[in-house]
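One letter stands for each residue in the lines below.
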Amino acid sequence: MSFSFRFDPVELPPEAKELRQEVRTFLREEIDAGTFSPDGGKGSFSREFSRRVGAKGWIGMTWPKKYGGHERSHLERYVVTEEMLAARAPTRAHSTADRQSGPVILRYGQEEIRQKILPQIARGELCFCIGLSEPNSGSDVFAASTRATKTDGGWLVNGRKIWTSGAHHADYMIALLRTSPPTKENRRHGLTQFLVHMKTPGITIRPIINLTGSHDFNEVVFDDAFLPDSHLIGEVDMAWKQATDELAYERSGPDRWIETFPALVELVRLAGEQPSERLAEGIGREVAHLATLRRMSLSVAGMLQAGKTPAVEAAVVKDLGTNFEQALPDKVRLLAPQIGDSQPDSNDDRFEEALRYATLIAPKLTIQGGTREVLRGIIARGLGLR
Amino acid sequence: MGGNGAMADNTDNIIVDTATRIFQDLCEPNTVNEAEQGVWPKALWHALEESGLTLTWVPDELGGAGAALADGFAVLRAAGRFAAPVPLAETLMAGWLLTQAGISVPGGPLTIAPIHADGRIALTADGALSGRARRVPFARNAGHIAVLARRGDETVVALVAATGLPISQATSLAGEPRDDVSFDGAVPMAVRPGPINQDLLVSFGAAVRLQQMAGALEKILEQSVQYALDRSQFGRPIAKFQAVQHNLAMLAGEVAAASAAADAAAEACASPDIAIGEIAIAKVRGGEAAGTGAAIAHQVHGAMGFTYEHSLHHATRRLWSWREEFGNEAVWAARLGRMVVERGADELWPFITAGS
C-alpha cells in the first residue's frame, strides 16, 4: 500500500500558454491605464476592473456556456488566476464568486438561481462573500448556530457570522445555516447552505478593522432576515456532504502560496547583479520552494480538470504553501542588505513597503480558509491515521 | 490530464513492475545490511542484469533495452524505495553517458567519474588518462567506468576497464562504496567526443539522486505511518495523538514536494541541454525534504528507529548521503539565486512560469 499523495506533472496545453500572454498584455494595459499598481498601492477591489475581466471571458471560465460560462479548462483558469495574483491585480470583486461561490451554485443551486446569478458572476458584476465562521464556530465549522427557520415561502434567519471578508462589498453571501440540531450519530448533520442577498432587510454589517489598519473582515448580524425558498442551495440539513469539493477548489490555488511573493521580487531588485553568496543562496532557496509549490498547485488543477476531487492533495498544497508564504517575509528580512544612510535608493522604499505588507499579513495566512491545524488533520485522515 | 511523457506512470508500467518484483524478492533488509558488510548482493544484481534493467537507457543498437528516460527514472525511484545496495543508478548513468558519445556499453556493473563539478580528468596526447576522481560510487564493484575527460579544449567520454586501477576504498555515511580512483596512465578501451560536459553530467546526476531520494522518502512515510498505527503508548496507538498526526502530515507534505521536484528534474533531463534552472530548483527542494523528512520519520519511530536492527536507517542514511551528492542544497541554491538576479526582479515571475 502506498501512503504517498501523487502530484502528477501537468503540461499546460498550447491554448493555455497563448492565454498567459494575452493576460499579461491585458494586465500591462491596465497598469499603464492606472487601474492598479503592481506594488498593491491602489487596493485590491475594483468593480470596474472585474467587469473588464468578465468581458474578456476570464470569470466562470470552466462553467457551461448556458450559464454564462466559457467551457474552458481548469488549467486555463489556473493560468488566468496566477497571472492576476502575481501582478497583484485587484480581483477581490470577483475572485470569491469565481473560485468558490459560483461552482457551489452551479453544482447545488436551483435552476432558477443558476440562470439568474451565474451569468452575472461571469460578467464580473457580482461580488460574493462566504458566511461560515461564527463567534463560537471557527475551525469547528459544523458547530454553526445561526438559524434558518422555515416560514411561509422561505426561511427566517437569526444569528451572526464573523470574520466575513468583504461582506461590506458583497452583493451576495453563501451562508452555512442551522436548520436542525445535530444528531447523535452525525454531529455535522443539520446545516444547510443558502444564498443570501446582502441587501435583505434584517442584515447589519459591522466592520472589524484588522491589525494592518484595513477594513477587510466584518461581523454580519441577521435579525429575522427573510430568504426565499429559491435561495436554498442543495439538500436541507445535508450541507456537510457538499462542503468537501468546495474546499478542494478553495485550498489549492495560487492564492495559497503567492501572497507575500512581492517581498521576494523586491529582494531580487535590491540584490542587484552582484549579490553576496549568502544572498544568492537565500534567494535560490525561496525560489526553489515557490517553483515546487506552483508545480504541485498546477497538478491539483490538472486533477480538477480530470474530474477528481483532490481534497487531501489540496490540503497538502495549502499547508505547504501557506507555511512558505508566511515564513518568506522573515527570510527576506534577514537576507536583505540593511538600509543605511549611505545609499539613497528608491528600491529601498519599494522593498520596505513590500516587506512591511508581507510581515503584517503573515499571521492570517495559516488561519484563513482552514487553519494549519485543521489542514494537518485532513492530511492525517488521508494517511489513515484517524 | 496532461504530462509530456517525461514521467512514467508507475501504476501500469511493465518495466517498473519488473524492477519492483525483483526488489521485493531479492532486496530484503538483510540484503542491505550484508552489503554494508561488504557482501556483494549477487542474486539481486544478476536478476537486474538478466531482466535488462541495467541497460535501460542504452538503445537497441548499442546493446541495451532502449527504454525511455522516464522509465529509467521510475526504476530508480523504486530502487530508492528498497535502498537497493547495488550500482544500478550508476550503471544507468554510465550507459546514458556512453550512449551520448556513441560508445557500446559493456555488461556488468558500471559507474561514472568524476562526479564533482570541479572534476579534472585529462586525456593526454599519448592516449592515456591522468587525474584522480574522489568519492566515485561503487568503483570497487564496477567492471568498467565511464569517464568524462578533457582532451585539449574538448570534452570526451572514455570507457575504462576498472581492473588494475588504484582504488582507495571509502564509504558514504549510508555505508555504500564511495572510492577514490586514480586514472593516471590508464588507457581507455574507447574514446569519443560527446555533447555532455561536466556541468551537464552533474545536473543529470542530481536528477538521478532525486529519484532515489523520492523513493526513499516514500518508503519512510510508509514505515512511519505503519509504525504509528502499530505502536501503542498511553493505552492507544500513537497515531491517535494529534502531535504525531501533525508530524506525519508534515512528512507527507515533504514527500509530495520531493516527488514533484524529482518529476521536474526528470523532465528537465528530457531536453537536450538539460534545463539547469529546473535541476537547481529540484535539488534544493528535494534536498530540504530529505533532511526534514528523515528527521520526522526518526521522531515518530523513537528509539526503535535509532537501532541498527530496524531498517529505517536504510532509507534515512541514504537520504543524508544522496542529498549531498551532485551538488547540495547550498550549492544549487546559490547558483539558482544568481540565475534569478541576473534576469532581474521583473523577470522572476516569467522565470517561474517558463517551464509551463
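Cut-off values and rules
Residues numbered from 1 in each chain as written. Chains lettered and ligands numbered in written order. Predicted model: local features only at pLDDT ≥ 70, side-chain atom pairs only at ≥ 80, totals over all residues. Buried ≥ 20, exposed ≤ 12 C-beta atoms within 10 Å, placed from the backbone. Helix = DSSP H or I, 4+ residues; strand = E, 2+ residues; numbered from the N terminus. Pairing = 2+ DSSP bridges. Contact = placed C-beta atoms within 7 Å. Axes fitted to C-alpha atoms, helices over the stretch in contact; angles between N-to-C directions. Left-handed = near helix turned anticlockwise from the far one by under 90°. Nonpolar A, V, L, I, M, F, W, Y, C, P; charged D, E, K, R; others polar. Domains from an automatic or database assignment. Core = buried A, V, L, I, M, F, W, Y, C linked by C-beta atoms within 7 Å. Arc of directions from axis to C-beta.

(A) Region of interest: the pairing of strand S6 (residues 154–161) of chain B. Residue and element names in this part refer to chain B. For S6, a buried count of six out of eight residues is recorded, marking the element as mostly surrounded by other parts of the structure. Here strand S5 (residues 144–151) pairs with S6 via eight bridges, running antiparallel. Across the sheet, the residue bridging to Arg150 is Thr155, located in S6. With antiparallel pairing between neighbouring strands as the criterion, S5 and S6 make up a hairpin whose turn holds two residues, including Gly152 at a positive phi of roughly 60°. The pairing of S6 with strand S9 (residues 190–193) spans four bridges and is classified as antiparallel. Its bridge partner being in S9, Leu159 is matched across the sheet by Ala190.

(B) Quick peek at helix H11 (residues 372–382) of chain A. Within the sequence span of H11 of chain A, burial applies to Leu375, Arg376, Gly377, Ile378, Ile379 and Ala380 of chain A. Buried residues in H11 of chain A make contact with helix H9 (311–335) of chain A together with helix H7 (242–270) of chain B. Following H11 of chain A by one or two positions, Gly384 of chain A has its phi on the positive side, about 85°.

(C) Molecular detail of the sheet that holds strand S7 (residues 167–168) of chain B. All names here are of chain B. Spatially, the three strands line up as an open sheet ordered S4-S8-S7, and their pairing is antiparallel. Two strands bound the open sheet, and with one partner strand each, they are strand S4 (132–137) and S7. Sheet topology note: the S4/strand S8 (residues 178–182) ladder contains four bridges and is antiparallel. Counted as the bridge partner of Arg132 is Ser182 from S8.

(D) Just the packing of helix H5 (residues 88–100) of chain B against helix H6 (residues 198–230) of chain B, in detail. Residues and elements named next belong to chain B. Their axes nearest at 11 Å, the elements H5 and H6 cross at an angle of 145°. Where H5 crosses over H6, the handedness of that crossing is right-handed. Along its contact with H5, which presents Ala89, Met93 and Leu97, the element H6 presents Leu201, Phe204, Gly205, Val208 and Gln212. The residue makeup of the contact of H5 with H6, split by class, is six nonpolar, two polar and no charged.

(E) Representation of the domain arrangement of chain A. Residue and element names in this part refer to chain A. Domain annotation for chain A reports domain 1 (14–126), domain 2 (130–238) and domain 3 (252–382). Between the C-alpha centres of domain 1 and domain 3 the distance comes to 23 Å. Between domain 1 and domain 3, the contact holds 12 residues from the first and 15 residues from the second. With seven residues, the single largest contributor to the side of domain 1 that touches domain 3 is helix H3 (residues 74–86). When grouped by side-chain class, the residues that make up the side of domain 1 that touches domain 3 number four nonpolar, four polar and four charged.

(F) Structural view of the interface of chain A and chain B. Contacts between chain A and chain B engage 53 residues on the former and 47 residues on the latter. Sorting the residues of the side of chain A that touches chain B by element identifies helix H7 (261–271), helix H8 (277–305), H9 and H11 of chain A as the ones contributing at least two each. A total of 21 residues in the side of chain A that touches chain B trace back to one element, the largest contributor, which is H8 of chain A.

(G) Fine view of the nonpolar core. With 241 residues, the main nonpolar core has Val147, Leu217, Leu248, Ala252 and Ala265 of chain B as its most contacted residues. Counting residues per element, this core draws most heavily on H7 of chain B, which supplies 18 residues. Every residue in contact with Ala252 of chain B, bar those within four places of it in the chain, is listed here: Phe5, Val316, Ile379 and Leu383 of chain A together with Leu221 of chain B.

(H) Molecular detail of helix H2 (residues 47–55) of chain A. Residues and elements named next belong to chain A. Considered for burial, the residues of H2 that qualify are Phe49, Ser50, Val53 and Gly54. An end-on view of H2 places all buried positions within 140° of arc, on one side of the element. The outward face of H2, more than 90 degrees from its buried face, is lined by the exposed residues Glu48 and Ala55. Contacts made by the buried residues of H2 are with helix H1 (14–32) and helix H5 (111–122). Of the residues one or two after H2, Gly57 is the one with positive phi, at around 85°.

(I) How the structure looks around the environment of Gly109 of chain A. All names here are of chain A. Structurally, the position occupied by Gly109 is in the loop between helix H4 (95–108) and H5. Separated by 86 residues in sequence, Gly109 and Leu195 have C-alpha atoms that sit 8.6 Å apart. Ignoring any residue separated from it by four or fewer positions in sequence, one finds Gly109 in contact with Arg114 and Ile233.

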